[in-house]
Amino acid sequence: MNKRGHVLNALLLAVGIGFVLEPAVDLATGRKIAQIIVPIVLGALFPDVDTAFGKHRKTLHSLPVLAIVMAYPIAFNNLQFVWIGVFTHYLLDMIGSRRGIALFHPLSSREFSLPFGVTTASKYADLVTVIITALEIAAFWAVHTYVVDLDVDIAGVSQTIGM
């Protein structure tokens, strides 16, 4: 995916997740969307910083980087929703393109992708992005509804367990 696709995905995802977390058309939903839109967009753009240094789709497109970003809210009590942007960036690069990403970099430079996808210049790239985004929102809803509350106050959890 190109930057446009990642931004489109992040914006639609933030709106969708906002409605999952605050399922109404009211001020609380708007507030929730405002709270998560910037972190998700920043997270969606972050992996492509490796175009300026390192090797693109390797240096910042790996599971160790995702683990660090996911640990950030626990360690520092901020960036709670950035991991969602980073994670969905990885999904788009694996599912929505043909090249894939080096999930285990720096241990391995092998790139992983699915056997289908579109090129970033394809006329279907935006459609694929929207379809993937809809599936991501559905997955987020299912996990939030049936597995674990994804709208937790990390500060409260950290204080409770004595961090």
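Rules behind the numbers
Residues numbered from 1 in each chain as written. Predicted model: local features only at pLDDT ≥ 70, side-chain atom pairs only at ≥ 80, totals over all residues. Heavy atoms only, no water. Helix = DSSP H or I, 4+ residues; strand = E, 2+ residues; numbered from the N terminus. Contact = heavy atoms within 4.5 Å. Areas by Shrake-Rupley, 256 points an atom, 1.4 Å probe, with all protein chains shown as cover. Lys, Arg positive; Asp, Glu negative; His and termini not counted. Charge placed at Lys NZ, Arg CZ, Asp CG, Glu CD. 1 Å grid on protein atoms, 1.4 Å probe; cavity = no way out; pocket = protein on both sides within 12 Å on 5 of 7 lines; lining within 4 Å. Points joined across faces, edges and corners; volume = space filled by probe spheres on them. Nonpolar A, V, L, I, M, F, W, Y, C, P; charged D, E, K, R; others polar. Axes fitted to C-alpha atoms, helices over the stretch in contact; angles between N-to-C directions. Parallel < 35°, antiparallel > 145°, perpendicular 65-115°, else oblique. Left-handed = near helix turned anticlockwise from the far one by under 90°. Buried < 20%, exposed > 50% of the residue type's maximum accessible area, 1.4 Å probe, protein only. Polar contact = N/O pair within 3.5 Å; in protein donor to acceptor, adjacent residues only side chain to side chain. Patch = residues over 30% accessible without salt bridge, like charges linked within 9 Å, V, L, I, M, F, W, Y side chains within 5 Å. Salt bridge = Lys/Arg side-chain N within 4 Å of Asp/Glu carboxyl O. Core = buried A, V, L, I, M, F, W, Y, C linked by side-chain atoms within 4.5 Å.

Asks: Mind showing me how you'd approach the overall build of the protein chain here?
Replies: In terms of helices and strands, the protein chain carries six helices and zero strands. Written out in order from the N terminus, the α and β elements of the protein chain read α-α-α-α-α-α. On the principal axes, the C-alpha backbone points of the protein chain span a range of 40 × 35 × 30 Å. Long-range contacts, defined as pairs at least 24 residues apart, comprise 58% of the intrachain contacts of the protein chain with a sequence gap of at least 6. Looking at the protein chain as shown, the accessible area adds up to about 8900 Å², and 70% of this sits on carbon and sulfur atoms. In the protein chain, 11 positive and 11 negative side-chain charges are present, and the distance between their average locations comes to 13 Å.

Asks: I keep staring at the layout of surface pockets and nothing clicks. Help me out?
Replies: Take a probe with the size of a water molecule and roll it over the atoms, and the empty space left behind shows itself. The calculated volume of the second largest pocket comes to roughly 210 Å³. Lining the second largest pocket are Leu13, Ile17, Trp83, Ile84, Phe87, Thr88, Leu91, Glu136, Ala139, Phe140, Val143 and Leu150. Of all elements in the fold, only helix H1 (3-21), helix H4 (82-95) and helix H5 (125-146) reach the threshold of two or more residues within the lining of the second largest pocket. In terms of residue class, the lining of the second largest pocket is made up of 10 nonpolar, one polar and one charged.

Asks: Would you mind going over the packing of H1 against H4 with me for this structure?
Replies: Between two packed helices, the angle of one axis relative to the other and the distance separating the axes together describe the packing. Running from amino to carboxyl end, H1 crosses H4 at an angle of 130°, the nearest separation of the two axes being 10 Å. The angle between H1 and H4 places the two elements in the oblique class. Along this stretch, H1 crosses H4, giving a crossing that reads as right-handed. Of H4, the residues touching H1 (which contributes Gly5, His6, Asn9, Leu13 and Ile17) are Ile84, Thr88, His89, Leu92 and Asp93. Class assignment for the residues of the contact of H1 with H4 results in four nonpolar, five polar and one charged.

Asks: Help me understand the environment of Asp26 in this model?
Replies: In this fold, Asp26 is placed in the loop between H1 and helix H2 (27-45). What makes Asp26 partly exposed here is its relative accessible area of 42%. The sequence separation of Asp26 and Lys55 amounts to 29 residues, and the corresponding C-alpha distance is 44 Å. A distance of 3.1 Å separates a polar atom in the side chain of Asp26 from the backbone nitrogen of Thr29.

Asks: Looking at this model, I keep getting lost on a nonpolar patch on the surface. Mind explaining?
Replies: A grouping of Trp141, Val143, Tyr146, Val147 and Val148 is seen on the molecular surface, where their side chains present a nonpolar patch of about 530 Å² in accessible area. Mapped onto the secondary structure, Tyr146 falls in helix H5. The exposure class of Tyr146 is exposed, given its relative accessible area of 63%.

Asks: Any chance you could explain the nonpolar core here in plain terms?
Replies: Burial of nonpolar side chains together is a common tendency in soluble globular proteins. Grouped together as the largest cluster of nonpolar side chains are 14 residues, with contacts concentrated most on Leu13, Ile17, Ile36, Ile40, Phe81, Ile84 and Phe140. The set of elements that each furnish at least two residues to this core consists of H1, H2 and H5. With residues near it in sequence (within four places) discarded, Ile84 still touches Leu13, Ile17, Ile40 and Phe140. Residues Leu66, Val69, Met94 and Ile101 belong to the second largest nonpolar core, which totals 10 residues.

Any link to function would need more than the numbers given here.
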